[in-house]
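The residues making up each chain are set out below.
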Amino acid sequence: MADRITDIGPPKFDKFLPPIIKDNYGKWKYHDILEPGVLMHVSESGAKIFSVRGGSGRLVTTDFIKDVCDLADKFCDGYLRFTSRNNIEFLLTDQGKIAGLKDACAKMGIPIGGTGHSVTSIVHTQGWVHCHTPAIDASGIVKAVMDDLFEYFGSHKLPAQVRIALACCLNMCGAVHCSDIAILGIHRTPPKVDHERLRHLCEIPTTIASCPTGAIRPHPDKSIKSVVINDDRCMYCGNCYTMCPALPVFDSVKGGVALLVGGKVSNSKSAPMFSKLAVPYLPNNPPRWPEVVAAVRKILIKYAEGANKFERVGEWVTRIGWEKFFEVCEIPFTFQHIDEYRWAYDTYRTSMHFKF
Amino acid sequence: MHKTPLLDQLESGPWPSFITDLKRVAGRKKAAADLLGVLERSYKDKITHWKHGGIVGVLGYGSGIIGRYIDIPDEFPGVEHFHTVRVNQPSGWFYTTAALRELCDIWDKHGSSILNVHGSTGDMIFLGTTTDQLEPCFAALTAKGWDLGGSGSAMRTPSCCVGQARCEWACYDTMDLCYQTTQNFQFEMHRPSFPYKFKVKCSGCPNDCVAAIARADMSVIGVWKDDIRIDQAAVKAYAGGEIKPAGGGTIYKKLDIKADVTDLCPTICMSYEGGKLSIDNKNCNHCMHCINMMPQALRIGTETGATLLLGSHAPILEGAQMSWVIVPFMAMEAPYDEFTELIGNIHEWWSENGKNRERTGELMLRLGMRAFFEGVGLPPVPQTIRTPRANPFFFWHAEDFEAEAAGRKYIK
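The shown structure was predicted, so the numbers you read here are calculated from the model rather than taken from an experiment.

## Examining the overall build of chain A
Here comes step 1: The number of helices and strands found in chain A is eleven helices and 13 strands.
Here comes step 2: For chain A, the C-alpha atoms occupy an extent of roughly 75 × 75 × 35 Å along the three principal directions.
Here comes step 3: Looking at chain A residue by residue over its 356 residues, the buried ones come to 60%.
Here comes step 4: Pairs at least 24 residues apart make up 64% of the contacts formed inside chain A by residues separated by at least 6 positions.
Here comes step 5: With the model as given, the accessible surface of chain A reaches about 14,200 Å², and the carbon-plus-sulfur share is 55%.

Given below as structure tokens:
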């Protein structure tokens, strides 16, 4: 144990930087997008680096990564990086190699794109592949939606960039709350208490303490060592299930998908915005979730038709008004759309500025 | 191999198929084969089959490993244990193929060969191994210079945008700040001792490519204080259509400088007259729109640093929050002592006052901005708010009267 290595942190990044980046670190002057998926950054020295961006499924295997490494060895002197949206970026110094790399990517099934005013890769969570509280799968819906929106990945034909994200329950590991279009898995029913299992499996005080809204209390019948749930206070977060496996929050029939729209993190023109509820419920319909795919496409198309130049989804909706958004997208307005949580008042209309 | 008729339907279509990819390793990895089996079951049942982890980890660490078990181990023994290993990514997610192959070899030997590149927080996620493989996997990683990231109520793995390595808009060295901060807080990352998670994300400019404002307790966003640099000849080239707008990443062929740039400026601090672009820089709010539109004509200023914002998190519990400004400008030069000290002060204030599972932003809302500023030693400045209060419920402390008597604006 004496020579056990701990707390060394990650390797320092400079050992992975290509020489052209080391030489021009902090000296980049401008960039150009030569074609969808191909960036050129130009340094004050005149040096140029080319980045070819490829879509990836995020959930990958070592076989896939090794294939990607073969491409980077052949075309990029062994240098590559990944983006904050799980795209691969091949880093080249020789512009002449771009065409060959693109051909090789096409053979491997790696799409090139995700730059500029495109729909780039969907950031997402684990879903049924690895998570214990999801309402929906993640990778499968992402695959189905990206298959449908594929034409927008490798092109620049939208008014501005559209960032789509998916989280498989309201805990939102994927932090989808500031996305142009957010796909969110929702539970719609409180956990079902299995009193017999709970007695053997769970610590009652920690189970009660795990509830963020205080909806869990000891069973009123003291002879039953279990808990009861105040259904009206439960918001279906699944935190109690994390502590106590006898409180499953899943419902294979009632669980489903909500869509939120209009969020952004960039400060460009308008301040960052939260995504807001557009569609409260769509059925959880594997393996290809056709209702979700169709609803996402419809919002995207209506945005593309209605937005001004360079307008993000949230800027478009803010300009036309939410009442017009629901009308244009033909989405029924329901009680679920009206906020009644902590800062609900901020969302009420306190002016005459609305449209019929 | 399990039959997977539902998953097989995800093998068609133009987007890369994770099912096809998983099937490649299913032949040599029982875990991958059984993962496909259990996933098919979830697609049929429409529920998850994973259980939360319990306590597993590597010796001496309280984080970096997420325990995971299946609820039907008899049917899918290959994923009875399916723990996650969070491997701390290098800043900016740069790799050499040699480094990536090294990581793949370790994971082929000690795990399922399945991974996320990368997870939401930024780590490379090794997805699925057994308890007995955790310590050998960790030893193999550290022997090659890698370490685990954070999990649980700990400092989480910091992450950053590509920054000065390959972006002309980076107002400070995001990759270095991310690396140094990760190194400075190794103890806090690996031994959870906070009320809840604490995330740091470093974006080089207000475009915020790592979404720092939405998902970091401490959001560091680059900014400049002086003037946007203008190349008037390049502005003319944009106006004439010789250079395409937004680096060419758009359907629009030619920029209308007035309609597309100056009229869309949120502070209306720009004008374009007689073929000349003018910017009233004192009234610029650094939104980046004009620079985004004309990257060859406009550059960020030269007096650069970062704004610190605090408090964002996803909706649990008080509803989603975005980070708000606490320090409008910090020069952000190595070794970043001022930044490190402030984070330490915040951790201390939060640890003393925070309730279990209360994020820093929620604590600030509960106790108030004044309590926070006084607790960590920051002055009140107008950049931290959008508007002053509209109510008359403001109160005076003894320190305020003392400051007033001493002719000072606030207590410090």
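## With respect to the overall build of chain B
Here comes step 1: The helix and strand inventory of chain B stands at 15 helices and 16 strands.
Here comes step 2: Counting only C-alpha atoms, chain B reaches 70 × 65 × 40 Å along its principal axes.
Here comes step 3: In chain B, which comprises 412 residues, the share counted as buried stands at 59%.
Here comes step 4: The contacts in chain B between residues at least 6 apart in sequence include a share of 63% that link residues at least 24 apart.
Here comes step 5: Working note: accessible area of chain B is about 16,100 Å², and carbon and sulfur atoms make up 54% of it.
Here comes step 6: Seen as two clouds, the 42 positive and the 47 negative side-chain charges of chain B have centres 5 Å apart.

## Looking at the interface of chain B and chain A
Here comes step 1: Counting from both sides, the interface comprises 128 residues of chain B and, opposite them, 116 residues of chain A.
Here comes step 2: Between chain B and chain A, a total of about 10,800 Å² is buried, with carbon and sulfur atoms accounting for 60% of that surface.
Here comes step 3: Put simply, chain B and chain A have twelve salt bridges between them.
Here comes step 4: Two residues, A:Lys66 and B:Asp108, come together in a salt bridge whose shortest N-O distance is 2.9 Å.
Here comes step 5: The tally of links from chain B across to chain A stands at 66 residue pairs in polar contact (both at pLDDT 80 or more).

## Quick notes on the domain arrangement of chain B
Here comes step 1: When cut into domains, chain B gives domain 1 (5–143), domain 2 (159–223 + 307–405) and domain 3 (229–299).
Here comes step 2: Look at where the C-alpha atoms of domain 1 of chain B and domain 3 of chain B centre, and you get two points 47 Å apart.

## Notes on unusual backbone geometry
Residues and elements named next belong to chain B.
Here comes step 1: For the peptide bond that leads from Ile316 to Leu317, omega is 5 degrees, which places it in the cis range.
Here comes step 2: Secondary-structure assignment places Leu317 in the loop between strand S15 (304–310) and strand S16 (324–330).
Here comes step 3: Here the bond from Ala334 into Pro335 is cis, since omega is 5 degrees, no more than 30 degrees from zero.
Here comes step 4: Among the structural elements, Pro335 can be located in the loop between S16 and helix H12 (337–353).
Here comes step 5: Backbone geometry places His286, a non-glycine residue, at a positive phi of 60 degrees.

## Some points on the packing of aromatic side chains
Here comes step 1: Summed over all chains, the structure comprises 30 aromatic pairs over all chains.
Here comes step 2: With a centroid separation of 4.9 Å and 80 degrees between ring planes, the pair formed by A:Phe153 and B:Trp15 is classed as edge-to-face. Taken as a pair, A:Phe153 in helix H5 (residues 150–153) and B:Trp15 in the loop between helix H1 (5–8) and helix H2 (18–26) lie in two separate chains rather than in one.
Here comes step 3: By relative accessible area, B:Trp15 is classed as buried at 3%.

## Some thoughts on the sheet that holds strand S5 (residues 79–82) of chain A
Here comes step 1: Overall, antiparallel pairing links the six strands, which are arranged S1(A)-S2(A)-S3(A)-S6(A)-S5(A)-S5(B) in an open sheet. Unpaired on one side and paired on the other, strand S1 (28–35) of chain A together with strand S5 (94–96) of chain B mark the two borders of the sheet. Recorded for the sheet is a direction-independent mean angle of 25 degrees between the axes of neighbouring strands.
Here comes step 2: One ladder, built from six bridges, connects S1(A) with strand S2 (residues 38–43) of chain A; its direction is antiparallel. Directly across from A:Ile33, in S2(A), lies its bridge partner A:Leu39.
Here comes step 3: The strands that helix H3 (residues 98–108) of chain A touches are S1, S2, strand S3 (48–54) and strand S6 (88–92) of chain A; relative to S6(A), the one it contacts most, it runs at about 150 degrees.
Here comes step 4: Sitting on the sheet, helix H4 (residues 97–110) of chain B is in contact with S5 of chain A together with S5 of chain B, with an inclination near 85 degrees to S5(B).

## As for the state of the cysteines
Here comes step 1: Here the structure, examined in full by the defined rule, presents one disulfide over all chains.
Here comes step 2: Each sulfur in the disulfide pair A:Cys202 and A:Cys244 lies 2.1 Å from the other. The S-S bond linking A:Cys202 to A:Cys244 shows a torsion near 75 degrees; that makes this disulfide right-handed. Taken together, the positions of A:Cys202 in the loop between helix H6 (195–201) and helix H7 (204–209) and A:Cys244 in the loop between helix H8 (239–243) and strand S12 (256–261) put the pair 42 residues apart, joining distant regions of the chain. For the pair A:Cys202 and A:Cys244, one class covers both residues: buried.
Here comes step 3: Of all cysteine sulfurs, the one in B:Cys209 lies closest to A:Cys178, which takes part in no disulfide; the gap is 14 Å.

## With respect to the side chain of B:Asp108
Here comes step 1: Relative to the helices and strands, B:Asp108 is located in helix H4.
Here comes step 2: Taking the relative accessible area as the measure of exposure, B:Asp108 reaches 17% and is therefore buried.
Here comes step 3: Apart from the residues within four sequence positions on either side, B:Asp108 is in contact with A:Thr62, A:Lys66, B:Arg28, B:Lys29 and B:Ser113.

## Describing the pairing of S6(A)
Residue and element names in this part refer to chain A.
Here comes step 1: Within S6, five of the five residues are buried, leaving the element largely enclosed by the surrounding structure.
Here comes step 2: Burial along S6 is two-sided: the face carrying Ile88, Phe90 and Leu92 and the face carrying Glu89 and Leu91 are both buried.
Here comes step 3: In this sheet, S6 lies alongside S3 in antiparallel orientation, the contact comprising five bridges. Looking across to S6, one finds that Arg53 is bridged to Glu89.
Here comes step 4: Of the strand pairs in this sheet, S5 and S6 are connected by three bridges, and their pairing is antiparallel. Paired with Leu80 across the strands is Phe90, a residue of S6.

## Considerations on the sheet that holds strand S4 (residues 59–61) of chain A
Here comes step 1: Judged by pairing direction, the sheet is antiparallel, and its five strands sit side by side in the order S4(A)-S6(B)-S7(B)-S4(B)-S2(B) without closing on themselves. Two strands lie at the open edges of the sheet, namely S4 of chain A together with strand S2 (65–66) of chain B, each paired on one side alone.
Here comes step 2: Bridging between S2(B) and strand S4 (residues 84–87) of chain B involves two bridges; their strand directions are antiparallel. Bridging from a neighbouring strand, B:Ile66 pairs with B:Thr84 of S4(B).

## Describing the environment of B:Gly248
Here comes step 1: Following the sequence through the fold, B:Gly248 ends up in the loop between helix H9 (232–239) and helix H10 (257–261).
Here comes step 2: A sequence separation of 109 residues divides B:Gly248 from B:Arg357, and the C-alpha atoms of the two residues are 46 Å apart.

## Digging into the nonpolar core
As a rule of thumb, nonpolar side chains are buried together in soluble globular proteins.
Here comes step 1: Among the nonpolar cores identified, the biggest contains 143 residues, and A:Phe90, B:Met218, B:Met294, B:Ile326 and B:Phe339 are the most heavily contacted of them.
Here comes step 2: The biggest single contributor to this core is helix H2 (residues 62–75) of chain A, with seven residues.
Here comes step 3: Dropping the residues within four chain positions of it, A:Phe90 is found in contact with A:Phe50, A:Ser51, A:Val52, A:Val68, A:Leu71, A:Ala72, A:Cys76, A:Leu101 and A:Cys105.
Here comes step 4: Grouped together as the second largest cluster of nonpolar side chains are 72 residues, A:Val119, A:Ala135, A:Phe326 and A:Cys329 included.

The rules behind each value
- Residues numbered from 1 in each chain as written.
- Chains lettered and ligands numbered in written order.
- Predicted model: local features only at pLDDT ≥ 70, side-chain atom pairs only at ≥ 80, totals over all residues.
- Heavy atoms only, no water.
- Helix = DSSP H or I, 4+ residues; strand = E, 2+ residues; numbered from the N terminus.
- Buried < 20%, exposed > 50% of the residue type's maximum accessible area, 1.4 Å probe, protein only.
- Contact = heavy atoms within 4.5 Å.
- Areas by Shrake-Rupley, 256 points an atom, 1.4 Å probe, with all protein chains shown as cover.
- Lys, Arg positive; Asp, Glu negative; His and termini not counted.
- Charge placed at Lys NZ, Arg CZ, Asp CG, Glu CD.
- Buried area = accessible area lost by both parts, 1.4 Å probe.
- Salt bridge = Lys/Arg side-chain N within 4 Å of Asp/Glu carboxyl O.
- Polar contact = N/O pair within 3.5 Å; in protein donor to acceptor, adjacent residues only side chain to side chain.
- Domains from an automatic or database assignment.
- Phe/Tyr/Trp six-rings, centres within 6.5 Å; stacked < 30°, edge-to-face > 60°.
- Pairing = 2+ DSSP bridges.
- Axes fitted to C-alpha atoms, helices over the stretch in contact; angles between N-to-C directions.
- Disulfide = S-S within 2.5 Å.
- Core = buried A, V, L, I, M, F, W, Y, C linked by side-chain atoms within 4.5 Å.

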